[in-house]
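# Remarks on the overall topology
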Amino acid sequence: MDLSDSVLDHLRHAAALPDLTGTRYELESEIGRGGMGVVYAARDRQLDRRVALKILDSALAGEAQLIARLEHPAVVPIYETGMLPDGRAFYTMKLVAGAGLDQYVAGAPSLGECLRVIRRIGEALAFAHARGLIHRDLKPQNVMVGEFGEVYVMDWGVEAVAGTPAFRAPDARLDQRSDIYALGALLRFVLPPSTPPALEAIAAKAMRADPTGRYADAPALLADIERFQEGFAVEAWSEPLWHRLRRFASRNAVLLWLLAAYASVKFLLFFLRNI
Amino acid sequence: MGGPGGQFPSTQLSLLEAATAGAGLSNEALEHVSELYWKPVYRFIRVRFRKGNEDAKDLTQSFFATALQRDFFARFDPAKASFRTYLRMAVERFAASQHAAANRQKRGGDVEFAPIEEQAVIAESPEQVFEREWHRQLFGLSLDDLRIHCEACGKHLQFDVFAAYDLAAGDRPSYADLAARHGIAETSVTNYLAWARRMLRHFVTERLRGVTAGERDLRDEMRRLWT
């Protein structure tokens, strides 16, 4: 059978559509695709709500169940996992209304807001790592910031995925430290142009080519960000003396003002007593 | 086969897997490979080396014959590249050496220059032509499988509905039109289309299984095909 280009393109598209016969879902439209599978918007007829439906290679069905067990505020909740009549696996999850991190950053949020997002991502990573799951493909497109400021890390990786070049660690074998690299790349991605050198240093340490030179885990990186936000020295950067003094002054501003006021009063009293 | 809730059984072992494991390529396997790759190889040679119809056919024929004689398929290493890439590169090397030999003869005055035909204005690269022709052949053969399957199990109506909608050359009819034309409910049109597409997917998978070296290679090809 000789097929024209247009019929061939249609067939490739039509035969790839998930056959939802026997499920409670009705297909609406494609909303995204990545190395791991294609995501569609679908309607759950039983509960009369819209969901996101992801189609996976059948060999990855076990991984979908693993992801489904990740119950964390920054991980999109999975509603159901199952198999389609054609043998492919699927899972449904909350359909998140919001913007990808790349779109979110384009809106020029404050530094504090950017760091809040990074910390939420880091917390989700730490949670997943503690359960033996790594993301493998952390990038701005896989992070959603919801309309109420909630942060979701999506598209948790499986063995078939090997990351996106700008955020992929140069590691031969991906592990938790490869995710740390990607988190550092995300931190660098969200930082505004005039960034404090301490934050630059945190991103640089997370992105070292040698995995052993990176933070040991996500909590260690988050702790360094927290130290920065609280005005303490960060592990990733040996700061010059003047910078240390300035940071000390900024962190102890009230105390320094009180001391200055006390010294002024003392000086005034001394002056009055001697005239 | 392929009923709701059931998974498709694999009806065909990976023939390449057997060949690369040292068992050699059976006639059936060779037939399977050449059936799927003959046209892509032929089109690739025409576009890449600007060969005329007959020259390209001869070169394609001699490529497959030489490949069989020289144990070409047994040397395929799935760890290095997909079979499709391996085959395309082998065709390129083979055709280039034949092309060079022909040119040497031309310089000696033995052979007349072949006219460059209409394919000179093709916008796609030879690699893209090869890829697209391979898709066309894969789907064409799988559609034949689907049609034979429908005839064998009396599902003529399902195939007719599928052909009228998914193989329409111009505007596709609406589901309501199709239902009226065949005297069935509109929901039956939806179900018949879903069934036929599922079966087509199955036959495509089976065709791919025959020319891939194991489950992982198959999955990679499937991912490339559907995304």
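Residues numbered from 1 in each chain as written. Chains lettered and ligands numbered in written order. Predicted model: local features only at pLDDT ≥ 70, side-chain atom pairs only at ≥ 80, totals over all residues.

With that out of the way, let us pick up the overall build of chain B. Regarding its fold elements, chain B presents 9 helices and 0 strands. Reading chain B from its N end, one meets helices and strands in the order α-α-α-α-α-α-α-α-α. Within chain B, counting contacts between residues at least 6 apart in sequence, those at least 24 apart form 68% of the total. (Helix = DSSP H or I, 4+ residues; strand = E, 2+ residues; numbered from the N terminus. Contact = placed C-beta atoms within 7 Å.)

Regarding its fold elements, chain A presents 9 helices and 8 strands. Burial status across chain A gives 36% buried among its 275 residues. Taking the intrachain contacts of chain A between residues at least 6 apart in sequence as the baseline, contacts between residues at least 24 apart amount to 57%. (Buried ≥ 20, exposed ≤ 12 C-beta atoms within 10 Å, placed from the backbone.)

Turning our eyes to something else, we now look at the pairing of strand 2 (residues 38-44) of chain A. Residues and elements named next belong to chain A. Looking at chain direction, strand 1 (residues 25-33) and strand 2 are connected through 7 bridges and run antiparallel. Its bridge partner being in strand 2, Glu26 is matched across the sheet by Arg43. In this structure, strand 2 lies alongside strand 3 (residues 49-56), joined through 7 bridges in antiparallel fashion. In the strand pairing of strand 3, Ala42 is matched with Val51. Turn length for the strand 2-strand 3 hairpin, with the two strands adjacent in sequence and antiparallel, is 4 residues, and the turn residue Asp48 shows positive phi of about 50°. (Pairing = 2+ DSSP bridges.)

Below, the discussion takes up the interface of chain A and chain B. With 23 residues of chain A at the contact, the number on the chain B side is 25 residues. The biggest single contributor to the side of chain A that touches chain B is helix 1 (residues 5-16) of chain A, with 8 residues. Grouping the amino acids of the side of chain A that touches chain B by side-chain chemistry returns 12 nonpolar, 5 polar and 6 charged. (Nonpolar A, V, L, I, M, F, W, Y, C, P; charged D, E, K, R; others polar.)

Residue and element names in this part refer to chain A. Inspection of the secondary structure puts Ala68 in helix 2 (residues 61-68). Judged by the 17 C-beta atoms lying within 10 Å of it, Ala68 falls in the partly exposed class. In sequence terms Ala68 and Ile78 are 10 residues apart; their C-alpha atoms lie 5.2 Å from each other. Residue contacts for Ala68: discarding those within four places in its chain leaves Ile78, Thr81 and Tyr91.

Attention now moves to the packing of helix 1 of chain A against helix 5 (residues 126-152) of chain B. Geometry of a packed helix pair, given as the angle between the helix axes and the separation of the axes. Orientation of helix 1 of chain A relative to helix 5 of chain B, taken along the N-to-C sense of each, is 70°, at an axis distance of 10 Å. Taken together, helix 1 of chain A and helix 5 of chain B sit at an angle that is classed as roughly perpendicular. You can see that helix 1 of chain A and helix 5 of chain B cross each other, and the crossing is left-handed. In this structure, helix 1 of chain A uses Leu8(A), Leu11(A) and Arg12(A) to contact helix 5 of chain B, whose residues at the interface are His135(B), Arg136(B) and Phe139(B). (Axes fitted to C-alpha atoms, helices over the stretch in contact; angles between N-to-C directions. Parallel < 35°, antiparallel > 145°, perpendicular 65-115°, else oblique. Left-handed = near helix turned anticlockwise from the far one by under 90°.)

The subject of this paragraph is the sheet that holds strand 6 (residues 98-100) of chain A. Residues and elements named next belong to chain A. One open sheet holds the 3 strands; their spatial order is 6-7-8, and the pairing between them is antiparallel. Unpaired on one side and paired on the other, strand 6 and strand 8 (151-153) mark the two borders of the sheet. The average angle at which neighbouring strand axes cross in this sheet is 25°, direction not considered. Both strand 7 (residues 143-146) and strand 8 contribute to a ladder of 3 bridges, which runs antiparallel. Looking at strand 8, one finds that Val145 is bridged to Val151. Relative to the sheet, helix 4 (residues 111-130) contacts strand 7 and strand 8, its axis offset from that of strand 8 by approximately 40°.

All names here are of chain A. Viewed as axis vectors pointing N to C, helix 4 and helix 7 (residues 218-229) meet at an angle of 155°, and their least axial separation amounts to 9 Å. In this view, helix 4 runs roughly antiparallel relative to helix 7, as classed from their interaxial angle. Every pair of crossing elements has a handedness; the one defined by helix 4 and helix 7 is left-handed. Across from Leu115, Ile118, Arg119, Gly122, Leu125, Ala126 and His129 in helix 4, the residues of helix 7 making contact are Ala218, Pro219, Leu221, Leu222, Ile225 and Gln229. For the contact of helix 4 with helix 7, the residue count by class is 9 nonpolar, 3 polar and 1 charged.

Purely geometric numbers; function is a separate question.
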